[in-house]
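The chain contents come next:
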Amino acid sequence: MKIIRRLKQNWQWFLINVLGLSAAFSCLLIIFVYTSQQLSYDKFHSKAGRIYRMTTDTNRGAISIHPARVYGDSQKLLSNYPTIENMVRIVPFRNAIVKIGEQKFYSRNAYSTDSSFFKIFDFKILSGSRENAFSQPGRAFICRSLALTYFGSIDVAGREITILHQQDPNPKVYTIDGVMEDFPVNSHFHAELLTSFTSDNDRTTWAYTYLLIKKGADVDALRSTIQHNWETENKSNDSVPILYLQKLTDIHLFSQKTVEMEKNGDIRSIILLVSCTVLILFIAFINYLNLSRVQLIARMKSVKIKLINGASKWTVGWEIIQESLLLSVFSILLGLFIADWLGESLKISVLQSGRIFGIAIICLGFIVPIALLAVFPLYSSKIVADIKMTNKQESMYSFPIVVQFTLAIVAIASTLVLTRQIDFINSKHPASQNANMLVITDNPWQSVQRYDLFKTELLKNSSITNVTAAMEEPGGNILDAVAFEMEGVAKKPGQSINIFTTDSNFFSSLGIHPLAGTTELGSTPSQQWESDAVDLSNLRQSSNADKQKLADLERKVGNYREKYILNQSALRLLGINKPEDAIGKRFRLNFFLPDLFPEGEIAGVVPDFHYTDLHSPEKPLAIVPRKMFNYCFIISINPVQRGEAINTIASTWQKINPEFPFQYEYITDSYRKVYAGEYAQTHALSLFALISIILSSLGIFAMAAFSMQHRVKEIGIRKINGATITEILTILNKSFVRWIVLAFIIATPIAWLAMHEWLENFAYKTELSWWIFALAGTIVFGIALLTVNLRSWRAATRNPVEALRYE
């Protein structure tokens, strides 16, 4: 009861401590759960330490491509290298259209794989044979949630599903052999549907390839041997890809390759979050120590009386420890509530049964330092004498305040830089701020072939202002590169240029203007011409081609000359300084279907328009008006008729593509999802900045209270001698201002170096302007000064007679 009575008397200090410590505890809990989850990725596989993903880095002239998958039939590695115990290939259906009964839906998590899949990976099977899975063509396993959603049961063996690969013209039927448990959250990919390969062609395409290495084998030696053999066997002038073997458990946090199966995490984000959490804890504990000292001074008379009457420091200390334990319980309970609430919004399950032990350890680790810090001022002070604020003591207690505000300034400046960088890269993307542009991406092959009809029907409605198409979605990766020939440019071995196909109105639709020449290409080939050009190229390569059919196709394709557009990066690759010098030059792509990209001229040069991800430099592009590769449709709508426009698009889609579900997104969202990691970092850093400011304000409030208690007599004397309130406030605030200025001087170079390093992740970056750091310092200065004045004002306006009587 005595404890409760003392807490009631000092409820303000108790509340300040609870708020500060609960905020720190909730941060600690969330980061513990999140970090443990991130570090556990793929470790649930019993053979995780021996599974390696095979990737290759293909150097093509000025272009370096390092995808997460490899091309060709890598199965021969298993027979050629005894060190490899087993291997599995996983081939995505891309944006597959899945049909179960009469229901259709898109799936980005459907894959074909080898019969060794469940022999290498330990994903749980609910029904079906692990040993015989995928041993026959046309077989499938589906996940639990898919089975329950579309069949209402996991007893689905023998049932059929139909899957249409995004780039295939015809769907394939598969028989379900079993059901697998939904893949764990901490898996770097999450298949909801797995099938066996149905043909040899499926096995020689791009595949995510995993090798199971024998126990005790030297992985580096294996990689070197394979690389050496590739170079020895290479008979062409093309460069040999560089082989990499990446440990399975390193993929999630240490792999940012192109065409990853899913968006991976980043170890730098983990380091950032853990560092911020440690700093928040440091600030919270220092604040608590300072507040404990202020409270001890406030109760100094009662402590002295107890000691004079024979009480030991241990007795007094035990009372303080009891208060701190009660404080800890309240802080932990409030922190658990905050962490659980924030965890739900961040999709992190904080209070999972499997984490109770870890949380209990954290709670214990949280309580112990609080108890020790609570009694530290008692045992570190000479109780018999009054505690005076000597210069040495003032330095000791002001140092943590300087550190706190230094961290707060760094956090605010970093948040401002992150926000500015995201705004900067968004401004670089074409139409990134256009809220009236819709994107229908990853379209099926058949719908791509119906693009002209779809476009024509849409433009009949006044709510649709424009329709265009491109090979990749906004923010995607342009990876297809081929050799080329250009008039006046010497050929270099292995040099290539990326192909980017678009509709002829792509540049005008996105507001991209030429640097030289034109982007208005006039009449371009129809989709029927493209189909004939493909057939002609294939027929020319046939040894027993039908001459009559060949002649008919040659007549249909005619002597069309292509109109190519280059970007500035392509000019740099070609060694051309002025865009005007490229116009009219003869140009040809050495594509494996030569009639599809015939010889032509450079019609225009455009700036690097940053349609793709800006983490990497702009690639040299040859832009061609070709529709058969344009899997992304971009539609501009009238903002006044938004609802009508969306209904029109949906109904037109269902009319022309009744077999495919309709889905869309705004172009702003297309770009935004590319930088999801950066947005998450910004939100996290903003939260830490807010918490650090709150905790720092609590700390400086405690120090202000500590200072005022020691200057009561001084303030009273000054007022009696005629000092005004303004003069007293100036005197009281002087030392605090000095601390904040010192914190700003220390924080600025730290924040600049940290943000300069972070900006190196981008090929295009904003400037680190001086005003960013000045604004961060001003925000902290204003908050600190307001906090101090709240306390100083009470001391400055107090009756001097009361102050002297107090002394």
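Just above sits the structure.
None of the values given here were measured: they were computed from a predicted structure.

**Observations regarding the overall build of the protein chain**
- On a plain count of helices and strands, the protein chain comes out with 26 helices and 25 strands.
- Here the protein chain holds 807 residues, and the buried ones make up 52% of them.
- A separation threshold of at least 6 residues defines the contact pool for the protein chain, and within that pool the share at least 24 residues apart is 79%.
- Of the accessible surface of the protein chain, which amounts to about 36900 Å², a share of 57% is contributed by carbon and sulfur atoms.

**Looking at helix 21 (residues 667–674)**
- Along helix 21, the positions that sit buried rather than exposed are I667, S670, Y671 and V674. End-on view of helix 21: buried residues confined to an arc of 90 degrees, all on one side of the axis.

**Some remarks on the side chain of D266**
- With respect to the secondary-structure elements, D266 resides in the loop between helix 8 (251–254) and helix 9 (267–298).
- We classify D266 as buried; its relative accessible area is 17%.
- At 2.8 Å, the side chain of D266 forms a polar contact with the side chain of R268.
- Sequence-distant contacts of D266, that is, excluding residues within four places in its chain, are made with H252, L253 and Q256.

**Details of the packing of helix 15 (residues 451–458) against helix 20 (residues 642–656)**
- With their axes 10 Å apart at the nearest point, helix 15 and helix 20 run at an angle of 145 degrees to one another. Crossing handedness for the pair helix 15 and helix 20: right-handed. Note on element contacts: helix 20 touches helix 15 through T648, I649, T652, W653, K655 and I656, opposite L453, F454, E457 and L458.
- Split by residue class, the contact of helix 15 with helix 20 holds six nonpolar, two polar and two charged.

**Regarding the environment of W758**
- Tracing the backbone through its elements, the reader meets W758 in helix 24 (residues 725–759).
- Its relative accessible area of 11% is what places W758 among the buried residues.
- Residues W758 and L418, spaced 340 residues apart in sequence, show a C-alpha to C-alpha distance of 8.9 Å.
- When sequence neighbours within four positions are dropped, the list of residues in contact with W758 reads L418, Q421, E678 and Q681.

**Notes on the environment of R293**
- With respect to the helices, strands and loops of the structure, R293 is situated in helix 9.
- Sequence separation of R293 and A702 is 409 residues, and the distance between their C-alpha atoms is 9.1 Å.

**Observations regarding the pairing of strand 24 (residues 632–637)**
- For strand 24, a buried count of six out of six residues is recorded, marking the element as mostly surrounded by other parts of the structure.
- In strand 24, alternate side chains face the same way, and those of C632, I634 and S636 on one face and F633, I635 and I637 on the other are all buried.
- Sheet analysis places strand 15 (residues 464–470) next to strand 24, joined by six bridges and oriented antiparallel. Across the sheet, the residue bridging to A469 is F633, located in strand 24.

**With respect to the side chain of T519**
- Of note, T519 is situated in the loop between strand 19 (516–517) and helix 17 (527–540).
- When sequence neighbours within four positions are dropped, the list of residues in contact with T519 reads S504, F507, I512, P514, I565 and V606.

**With respect to a nonpolar patch on the surface**
- A contiguous nonpolar patch, built from L15, L19, L334 and F337 and spanning about 380 Å² of accessible area, is present on the exposed surface.
- Those elements that place two or more of their residues in the nonpolar patch are helix 2 (11–39) and helix 11 (313–345).
- Positionally, L15 belongs in helix 2.
- The class of L15 is partly exposed, set by a relative accessible area of 41%.

**Section: empty space enclosed by the protein**
- Under the criterion given, the structure shown has three cavities of 30 Å³ or more.
- Considering only enclosed or pocket space, the largest cavity measures out at about 50 Å³ in volume.
- Taken together, I16, N17, G20, L21, A284, N287, Y288, L291, L695 and L698 make up the full set of residues lining the largest cavity.
- Every element with two or more residues in the lining of the largest cavity is listed here: helix 2, helix 9 and helix 22 (676–710).
- A class-by-class count of the residues in the lining of the largest cavity yields seven nonpolar, three polar and no charged.
- Volume-wise, the second largest cavity comes out at about 40 Å³.
- In terms of lining, the second largest cavity is formed by T502, D503, S504, F507, T519, L521, I565, I623, V624 and P625.
- Among the elements that line the lining of the second largest cavity, the one with the most residues is strand 23 (residues 621–625), at three residues.
- Looking at the lining of the second largest cavity residue by residue, the classes come out as six nonpolar, three polar and one charged.

**Quick look at the pattern of salt bridges**
- Using the criterion set out here, one finds 22 salt bridges in the structure.
- Salt-bridge contacts for R144 lead to E181; the nearest nitrogen and oxygen are separated by 2.9 Å. Of this pair, R144 sits in helix 5 (residues 144–150) while E181 is found in the loop between strand 10 (172–180) and strand 11 (193–196), placing the two residues 37 residues apart along the sequence.
- On the basis of relative accessibility, which here comes to 30%, the residue R144 falls in the partly exposed class.
- A salt bridge links D503 to K455; its shortest N-O distance comes to 2.8 Å. Note that D503 is positioned in the loop between strand 18 (497–502) and helix 16 (506–509) and K455 in helix 15, a separation of 48 residues in sequence.
- Three or more residues are tied together by salt bridges with common partners; here these are R561, R586, E599 and E601.

**Brief notes about helix 17**
- Between its first and last C-alpha, helix 17 extends 20 Å over 14 residues, near the 20 Å set by a 1.5 Å rise per residue.
- Where helix 17 is concerned, the buried positions are Q527, W529, E530, D532, A533, V534, L536, S537 and L539.

**Here's the deal with the packing of aromatic side chains**
- If you walk through the whole model with that rule in mind, you get 40 aromatic pairs.
- Measuring from ring centre to ring centre gives 5.6 Å for F454 and W653, while their planes differ by 85 degrees; the resulting arrangement is edge-to-face. Residue F454 is located in helix 15, and its partner W653 is located in helix 20; the two are separated by 199 residues in the primary sequence. Across this residue pair, the class does not change: F454 and W653 are buried.
- Taken together, the aromatic side chains of F44, Y111, F117, F118, F121, F123, F134, F141, F183, F189 and Y210 make up a single cluster linked through ring pairs.
- The ring of Y679 has R672 lying over it, and the distance from NZ or CZ to the ring centre is 3.8 Å.

What counts and how
- Residues numbered from 1 in each chain as written.
- Predicted model: local features only at pLDDT ≥ 70, side-chain atom pairs only at ≥ 80, totals over all residues.
- Heavy atoms only, no water.
- Helix = DSSP H or I, 4+ residues; strand = E, 2+ residues; numbered from the N terminus.
- Buried < 20%, exposed > 50% of the residue type's maximum accessible area, 1.4 Å probe, protein only.
- Contact = heavy atoms within 4.5 Å.
- Areas by Shrake-Rupley, 256 points an atom, 1.4 Å probe, with all protein chains shown as cover.
- Arc of directions from axis to C-beta.
- Polar contact = N/O pair within 3.5 Å; in protein donor to acceptor, adjacent residues only side chain to side chain.
- Axes fitted to C-alpha atoms, helices over the stretch in contact; angles between N-to-C directions.
- Left-handed = near helix turned anticlockwise from the far one by under 90°.
- Nonpolar A, V, L, I, M, F, W, Y, C, P; charged D, E, K, R; others polar.
- Pairing = 2+ DSSP bridges.
- Patch = residues over 30% accessible without salt bridge, like charges linked within 9 Å, V, L, I, M, F, W, Y side chains within 5 Å.
- Salt bridge = Lys/Arg side-chain N within 4 Å of Asp/Glu carboxyl O.
- 1 Å grid on protein atoms, 1.4 Å probe; cavity = no way out; pocket = protein on both sides within 12 Å on 5 of 7 lines; lining within 4 Å.
- Points joined across faces, edges and corners; volume = space filled by probe spheres on them.
- Expected span 1.5 Å × (residues − 1).
- Phe/Tyr/Trp six-rings, centres within 6.5 Å; stacked < 30°, edge-to-face > 60°.
- Lys NZ or Arg CZ within 6 Å of the ring centre and 35° of its normal.

Limitation: the analysis is restricted to geometry and does not speak to function.
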